[in-house]
Amino acid sequence: MRVNLSVAIVAMVRARPESQSLRDTEDVCPNPEVASENKHNPLKVESRGEFDWDEQTQGMVLGGFFYGYLLTNYLGGRLADRFGGRLIYGAGVTLTAFLTIISPSAARYSTNAFILVRVLEGMTEGVTYPATNVMISHWIPPQERARSISRSCGGTLIGTVITLSVSGWLTETEWGWPSVFYLSGFICLVWSWFWFRYAYDTPDDHPTISAAEKHYIRQSIGHHRGKMGQNVPWRSILTSVPFMTLVVAHVCHNWGFYCLLTELPTYLRNIQHFNMKQNGLISALPYMVMWVFNLTYSSYMDHLLETGKLSTKNIRKISMIIANHIPAAVLLLVPWVGCDRQRAVILICIALGSGGASTCGLHCGFQELAPNFAGTLTGISNTVATIPGFLAPAVTGMIINNQQTLSSWREVFHVVSLIYIFGGTIYLIFMSADTQPWNDANTEKRKGPFKETTVLKNV
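In this convention, every chain numbers its residues from 1, walking through the sequence in written order. The predicted origin of the model limits local features to residues at a pLDDT of at least 70 and limits the giving and counting of side-chain atom pairs to 80 or more, whereas totals for whole chains, interfaces and linings rest on all residues. Here the side-chain values reflect all heavy atoms present in the structure, with hydrogen atoms and water set aside.

By the naming in an unreviewed UniProt entry, the chain goes by Major facilitator superfamily (MFS) profile domain-containing protein and is assigned to Scylla paramamosain.

This next bit is on the overall build of the chain. Counting secondary structure elements, the chain contains 21 helices and zero strands. Only protein chains enter the accessibility calculation, which uses a 1.4 Å probe; a residue is then buried when its area is under 20% of its type maximum, exposed when over 50%, and partly exposed in between. Looking at the chain residue by residue over its 459 residues, the buried ones come to 56%. Note on areas: Shrake-Rupley, 1.4 Å probe, and residue coverage restricted to the protein chains presented here. For the chain, the computed accessible surface area is about 19,700 Å², with 62% contributed by carbon and sulfur atoms. Where helices and strands are cited, they refer to DSSP runs of H or I of at least four residues and of E of at least two residues respectively, numbered from the N terminus.

As a further point, take the environment of Leu-99. Summarising the element assignment, Leu-99 is placed in helix α5 (residues 85-101). Taking the relative accessible area as the measure of exposure, Leu-99 reaches 15% and is therefore buried. In this structure, the C-alpha to C-alpha distance between Leu-99 and Phe-181, residues 82 residues apart in sequence, is 9.3 Å. Working rule for contacts: check all heavy atoms of both residues, and any pair within 4.5 Å makes them a contact. Setting aside anything within four residues of it in sequence, one finds Leu-99 in contact with Val-117, Leu-120, Glu-121 and Thr-124.

Bringing a nonpolar patch on the surface into the picture now. Side chains of Leu-183, Phe-186, Ile-187, Val-190, Trp-193, Phe-194 and Tyr-198 sit close together on the surface and give an oily, nonpolar patch of about 750 Å² of accessible area. Looking at where Val-190 falls in the secondary structure, it is placed in helix α10 (residues 178-198). In this structure Val-190 comes out as partly exposed when scored by relative accessible area, which is 37%. The patch calculation keeps residues exceeding 30% relative accessible area without a salt bridge and links them within 9 Å when they carry like charges or within 5 Å when they are nonpolar (Val, Leu, Ile, Met, Phe, Trp, Tyr). Any Lys or Arg side-chain nitrogen found within 4 Å of a carboxyl oxygen on Asp or Glu counts as a salt bridge.

This part takes up the nonpolar core. With 44 residues, the main nonpolar core has Tyr-267, Tyr-287, Leu-331 and Leu-352 as its most contacted residues. Ranked by residue count, the leading element in this core is helix α13 (residues 241-270), at nine residues. Tyr-287 has contacts with Leu-157, Thr-160, Val-161, Leu-164, Phe-257, Leu-260, Leu-261 and Leu-352, leaving out every residue within four places of it along the chain. Nine residue types can take part in a nonpolar core, namely buried Ala, Val, Leu, Ile, Met, Phe, Trp, Tyr and Cys, and a core is a set of them joined through side-chain atoms within 4.5 Å. Counting 37 residues, the second-largest nonpolar core is a separate cluster that includes Ile-322, Ala-323, Ala-370 and Trp-438.

So, about unusual backbone geometry. One non-glycine residue, His-273, adopts positive backbone phi at about 60°. Along the chain, the position of His-273 falls in the loop between α13 and α14 (276-306). Its relative accessible area of 8% is what places His-273 among the buried residues.

Angles here are taken between N-to-C directions and fall from 0 to 180 degrees, while the axes themselves are lines fitted to C-alpha atoms, restricted in helices to the stretch in contact. Two numbers describe how helix α19 (residues 387-400) lies on helix α20 (residues 406-430): the axes approach to 9 Å, and their chain directions differ by 150°. With respect to the hand of their crossing, α19 and α20 are arranged in right-handed fashion. In this structure, α19 uses Thr-396, Ile-399 and Ile-400 to contact α20, whose residues at the interface are Ser-408, Trp-409, Glu-411, Val-412 and Val-415. Crossing handedness: left-handed means the near helix sits turned counterclockwise from the far one by under a right angle, and right-handed means the same turn made clockwise.

Multiplying 1.5 Å by the helix residue count minus one yields the expected span of that helix. Its 29 residues place the ends of helix α4 (residues 55-83) 42 Å apart at the C-alpha level, agreeing with the 42 Å of an ideal helix rising 1.5 Å per residue. Its axis deflected by about 40° at Gly-63, α4 carries its strongest bend there. Two N or O atoms count as a polar contact when they lie within 3.5 Å, although within protein this holds only if one can serve as hydrogen donor and the other as acceptor, and sequence-adjacent residues are included solely when both atoms are side-chain atoms. For α4, the side-chain oxygen to backbone nitrogen distance between the N-cap and Thr-57 is 2.8 Å, and the N-cap itself is Asp-54. The seven residues ending at a residue and the seven starting there each receive a fitted axis; the angle between those axes is the bend at that residue.

If you want it as structure tokens, here you go:
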């Protein structure tokens, strides 16, 4: 539901013909479809969209979701810390599903109504990631955390792959672009029934968990995790260098992720000239690469941690080098391949795919620094890190400024690369993987390193 608009908007918006001056320069890639048309009709391109939105309006529409997302991340974290993640997560997704279904009607009513619905969707879905982190802190042992987060959050990537792939096809059918919203909303309503039927906040709440598994989880997590509803040590959190390091890294990583998430289909259509069906499939490909890499890499990192070959801190640092610095370097190369469609797609796949290593980096940090306040920390960080969700499309729109040229997109990729490098470097210098003293001054901390292998063998 978060990404369906990225492809749908390409079909919703009426294409604007290129000016003669742009077509006569080498700053624009030749359009194969236009080249195959009669030379006396060179402007015949896909222009059947219903809405005449310029790039800045499209940036507002794409960013609307993230304006709302910004408002409820902290609230979601606090509510999940106090009442548990099951209710908050389930309610957030269910309400978003209803809003998704009414999106086509809102868009046809007015642009402002559509933006408002997208803002409301962001608000209802903003509670989900903080709620997830609360449940992870109750359920997932530290030595399984990287691969478990990768597998659960991998659903986001699979959803992105399916949505982008299917959306391109749906827009070409008789049902048109509205079917993109109807289908995703309906699927999530079906999902909500299964969630409320089978999900539980903690192992203690689960009616069928085995005694051995419950003991294993309790023993693995130790005493870092206290009861829900504790008072938040605000001063300690907001003055914590390790936590603020996570926030900075989160913001910078999200800038690159959200910029590509919202703008990649537009780049593929306007610069590389993929048609709608191709656009959806090609847009989905980098996220498939990210998912596969994510699962493989996280399992290997957990293996290195369990066998003692790498410390938690070194795994987090290596992961963020891969997640930030490699995409930064690769995106700098994209403008230099120019109109070579295959090489451009390969580079984008590498850039986004390597970003999947962040689940073994900064995304493990909230549970490690303070498991008692994992939802609150995630809510704070996700709130600030949502700003790129609407700022990146807006900045991209200002840079492009109705000039869909290679040089304009070169500037976009340069900005993303610089932000990636800054965030990754700050993380490497100031990060910590230790539970902070303010997690709970009244609970006893685990003594010494956790004996992963022993516990696993005993179970």
